[in-house]
Each structure stands twice: as structure tokens, then as C-alpha cells.
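Letter by letter, the chains look like this.
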Amino acid sequence: MRQLAGTWLFIVLGLLFGLFADLGAADPVDSDSGNINLSELRAFDLLCRCETGCIVNTVSLSSDGNYLAVGDFNRSVSLFNSKGKKLWNYTTGDIVYTVSISPDGTGVAAGSNDKKAYFFNREGKLLWSYETEGSVNCVVVSSDGSYVAAGSDDGKIYFFNKEGRLLWNFDSGYSVRSIALSRDGSYVTAGGSSYCIYLFDRDGNKIWERKTGSVINCVCITPQAQYVAAGGSNYNVYFLNQKGDFSWIHNPAYWISSVSLTNNGSYLAAGSFDDKVYMFNSTGTKLWDYKVKDDVYSVAISPDASFIAAGSWDDTLYVLDLGGKEFWNCSCGGNINDVFISRDSSALAAASDNGAAYLFERNSTVFAQLFRDARFLSGERLGLPLKESMTATGGIENVVEIASASSGKVSDDIKSSASTESSSRLSELLNFFKYPIFLLLAVLIVAVYLKNRAFKKTDKRRKPRRL
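Residues numbered from 1 in each chain as written. Predicted model: local features only at pLDDT ≥ 70, side-chain atom pairs only at ≥ 80, totals over all residues. Heavy atoms only, no water.

A. Seen up close, the overall build of the protein chain. Each helix and strand in the protein chain was counted, giving four helices and 32 strands. Counting across all 467 residues of the protein chain, residues that qualify as buried make up 54%. In the protein chain, the proportion of contacts linking residues at least 24 apart, taken out of those at least 6 apart, comes to 46%. (Helix = DSSP H or I, 4+ residues; strand = E, 2+ residues; numbered from the N terminus. Buried < 20%, exposed > 50% of the residue type's maximum accessible area, 1.4 Å probe, protein only. Contact = heavy atoms within 4.5 Å.)

B. Representation of the sheet that holds strand β28 (residues 316-320) within the structure. Ordered in space as β26-β27-β28-β29, the four strands form an open sheet in which the pairing is antiparallel. The sheet terminates laterally at β26 (296-301) and β29 (326-331), the two strands that pair on one side only. The sheet shows a mean angle of 15° between the axes of neighbouring strands, taken without regard to direction. Sheet topology places strand β27 (residues 308-312) next to β28; four bridges connect them, and they run antiparallel. Of the residues in β28, the one forming a bridge with Ala310 is Tyr318. (Pairing = 2+ DSSP bridges. Axes fitted to C-alpha atoms, helices over the stretch in contact; angles between N-to-C directions.)

C. Examining the side chain of Ser178 more closely. Residue placement: Ser178 occurs in strand β14 (residues 176-181). Note on Ser178: relative accessible area 10%, which makes it buried. Side-chain polar atoms of Ser178 contact the backbone nitrogen of Val219, separated by 3.0 Å. Ignoring sequence-local partners within four residues, the contact set of Ser178 consists of Cys138, Thr189, Ala190, Gly191, Asn217, Cys218 and Val219. (Polar contact = N/O pair within 3.5 Å; in protein donor to acceptor, adjacent residues only side chain to side chain.)

D. Structural detail: the sheet that holds strand β22 (residues 256-261). A sheet is described by the order of its strands in space; here four strands give the open sequence β22-β23-β24-β25, paired in antiparallel fashion. Each edge of the open sheet carries a strand with a single partner, namely β22 and β25 (286-291). Neighbour to neighbour, the strand axes of the sheet diverge by 15° on average, direction disregarded. Sheet topology places strand β24 (residues 276-281) next to β25; five bridges connect them, and they run antiparallel.

E. Region of interest: the environment of Glu51. Mapped onto the fold, Glu51 is located in strand β1 (residues 44-51). By relative accessible area, which is 43% here, Glu51 ends up partly exposed. Between the C-alpha atom of Glu51 and that of Phe80, which follows or precedes it by 29 residues, the distance is 9.7 Å. When sequence neighbours within four positions are dropped, the list of residues in contact with Glu51 reads Phe80, Lys86, Gly355 and Ala356.

F. Local environment of the confidence of the model for the protein chain. Confidence in the prediction of the protein chain, expressed as mean pLDDT, is 82, and 72% of residues score 70 or more. Confidence drops under a pLDDT of 50 for residues 386-426, and excluding neighbours within four residues, the segment shows 79 contacts in the predicted structure. Counting contacts from residues 461-467, a segment whose pLDDT is below 50, to residues more than four positions away or on other chains yields zero contacts. (pLDDT = per-residue confidence, 0-100.)

G. Structural context of the pattern of salt bridges. Scanning the model with the defined rule gives eight salt bridges in all. Across the pair Asp45 and Arg42 runs a salt bridge whose closest N-O atoms are separated by 2.7 Å. Classification of Asp45 by relative accessible area gives partly exposed; the value is 24%. Lys291 serves as the salt-bridge partner of Asp275, at 3.7 Å between the closest nitrogen and oxygen. (Salt bridge = Lys/Arg side-chain N within 4 Å of Asp/Glu carboxyl O.)

H. Seen up close, the environment of Ile179. Relative to the helices and strands, Ile179 is located in strand β14. Expressed as a C-alpha distance, the spacing of Ile179 and Gly192, which sit 13 residues apart in the sequence, is 9.0 Å. When near neighbours in sequence (up to four residues on either side) are disregarded, Ile179 contacts Cys138, Val139, Val140, Ala149, Ala150, Gly151, Ile157, Val188, Thr189, Ala190 and Val219.

I. A look at the side chain of Ser135. Within the fold, Ser135 resides in the loop between β9 (126-131) and β10 (136-141). By relative accessible area, Ser135 is classed as buried at 6%. For Ser135, the side chain forms a polar contact with the side chain of Asn113, separated by 3.0 Å. Those residues in contact with Ser135, other than ones at most four positions away along the chain, are Tyr97, Ser112, Asn113, Lys115, Gly151, Ser152 and Asp153.

J. Structural detail: the nonpolar core. Ranked by internal contacts, the top residues of the largest apolar core, which has 26 residues, are Phe44, Leu317, Phe327, Trp328, Leu348 and Phe360. No other element matches the five residues that helix α2 (residues 364-371) contributes to this core. (Core = buried A, V, L, I, M, F, W, Y, C linked by side-chain atoms within 4.5 Å.)

And the structure:
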């Protein structure tokens, strides 16, 4: 009986340990406990890998992420759906450096090294093209699809209507590298080798021109044109109001490749060739920086301000929260040249050197749990700015509260990185020892069972036979 009791004791202990190990390895997001292991979140799911067979330079998404426009090194403009099916392809005369798709997906603009700007409908029919005197470096379609702006190496900024009629142009005298439109196309901002940042109205009137002392690599503008941001090769990030006043200038330390603003202009993200993503607030305070393994070529803040995407030449697409905490990344097999987030913030695209564009879908369940906000599940558009009281701290260790602008409610604090890492290590440790201990328990149970049977047989042999 004692041997049998020991056997059952081992069995019970084994079952209890198995249960405990399973609990330790639970989902990294636990809505009941509030514990969030950011490093293990599957925040995005790969929808498709859109093959081009050559380096992808640029990507652009429709508002709902159902259509992906791609420009590549093999002179092609392509349109894919969200299932990865190539709907059409058009071959230009040279490398395609820039594409832009209208929010509803009905119009696609492209700029090529063949000195032409192109405009296609959703079916791939070329509606018009316009020849400039230099490589077309940047194009953008207005939100309603009514206007197309382009910048060229010939030094000119071009502004077209959707029928392809040139409404106006402006000659800066030097290569135009970047261009951006306000949401309705009422304002155009641009920058380039003239060392200037410009703002025009829809009629081509120059509202202001500001000298920077540097080549301007990138510009962006808020939807209502309250603010303009730019990045220069003199390592400066510029933040201007609608009147053209420099609200602040910051020098992170190296060449600025990309800038992105929240819709209200409260926060500005910048990518740099010092392998970092930077975040500034509207007063110019550097809130944090996050270091990756190579140059950061493109950054984008989601329109609902729930995350930042960054593409690096370390072959990786990174997603950070607005506090600078990485909670997802994906290796795309080649340098990331461009990232783009759909206007509803549900889809994320990346252009890779490995011959493909990648399209990811936001995991609504994870985001709802992460931000404690069920509106992610309902698809309701959100605004989640950082708290204004956030202080400047460094890098990945910074953890902040993220607010819901419409409700004014603040989510639970995300656990500190130390506690998150320790719980993650405990979970990994339990999972590591789980199966070896199960095996050991099984061996012990079998050994005890066999020993018990052998003991009984021996005991029987020793008993005296009755006469």
C-alpha cells in the first residue's frame, strides 16, 4: 500500500507541475491581470508578400489597406490587393522612385527616373503622364484624389488636377526631394537642394519660404496644415507653424532621412542615419530615442497615434509605442526602404530590397488589450496622444501612459521593462524545464511500478507452502 501511495503521489505532483508550467507560459497579454509582455506580442499578422523580383523602393496604401501600390528598381509600377494578387503592372522608362495612391484606391500616381510623372486608374489604365526635365523624386495624391503634386530634379514643384492639367509650377532652381499635401490638397509643402522649405496654397501662391542652410531630405504636414516638419542633411529636424515661424530646430546628431507628425502636431518622429528613431513633442523636447542596428530610412506615426513604424537597413521593420517601447518587429529579408500606414491604421506596408513588398494587418485583439480600449475591435477610428506631462527619458526603458483623446481616460500603466523581462524569463524557464521534468516523473512512476511488481513476486516466492 505504501508503494502504491507513493506512485499516486508522484502522479499528482506531475499533474500539478504541468498545470503550473502552463500558467507560466500563458498568453503575453492578460486582460485580467494587466500584465503585458511587450516583447512577445504578435501585434501584426502578415497578410501577403507581394513579389516584384527586384528592389522595392516605395509603397503606398489605400485608406483601408485593401490596395497596395508599389514602385521598384525594375522600372515598374504595380498594384496589389490585400491578398497579394497583382492586379496590374506598368513598365516605365526607368527606375520608379515614388508612388502614391488615393485613399479610395481609385487613382495611383508614380514618379520615375525617366523624367515623367504618371497617373493610373484602379484598373491600371494610364490616364495621363507629364514629362519634366529631371527625375521625378516625389509624388503625392490628395485625399479626395482631385490633385497630384510632384517634385523633380529639374528644380520644379508641379501641381496637377486629376485630369492631368498642370495648374501651376514653381521653380526652386534646385532638385526637389520631398513633397507633402494637406488632407484636402489646399496646401503644398516641399523641400530639397535649394536649402529651403516652402508652403504654397492650392492656387500656387507662395505663402512662405524658409532658408535652412541644408539640403532638405524630407517634409510632412498635418492634415489641416497647422504645422510643417522637415529633416535635413545638416542633421537638423525643423518644426514650423502655418505662418512659417520656426517653433524649434533640433540636432539629433546625424542625417535625417524621414519625419512624421501626429495629426494634431503634438509629436514628431524622425528617422536618422545614426541608426535611431527620435521622438519630439511640440515644444522641441526630445522625449526618447530608440537605437536599431543600421540606418533608419523611413518612419511613420499611425493616424490614430497608437504606434510608430520604422524601416531600417538592418532588414527589419520595427513597431514602437509612442513611449519608445518596441513591441513588435519583423525581418523582411532585405533593407527596408519605405514604410506606409493606412489612414485607418489597420494596415502596415514595407518596401524591401529582397524583391518584395510586405503587407501586415494590425491584430485588433492585441491592440484592444494593450490599450484597454475595445474600439480597436469595433474598427472605430481612434486618437491616442501621449500625455503632455511625459518627461524626456532615454530609449527602450521608457514606459508611458497612453491616453484615449476622445474619452479622456488613461489606460493602466504598462508594466516596467524590468518586471516584464523578469516575468518573461520565468515563463521561458518553466517552459524549458517542463518536458524534461514530465519525462523524469514518467520514468520514476514506471520504475516504482515495476519495483512494486517485482517486490510482490519475490514476496510470493518467500511465503511457505501450506501442507
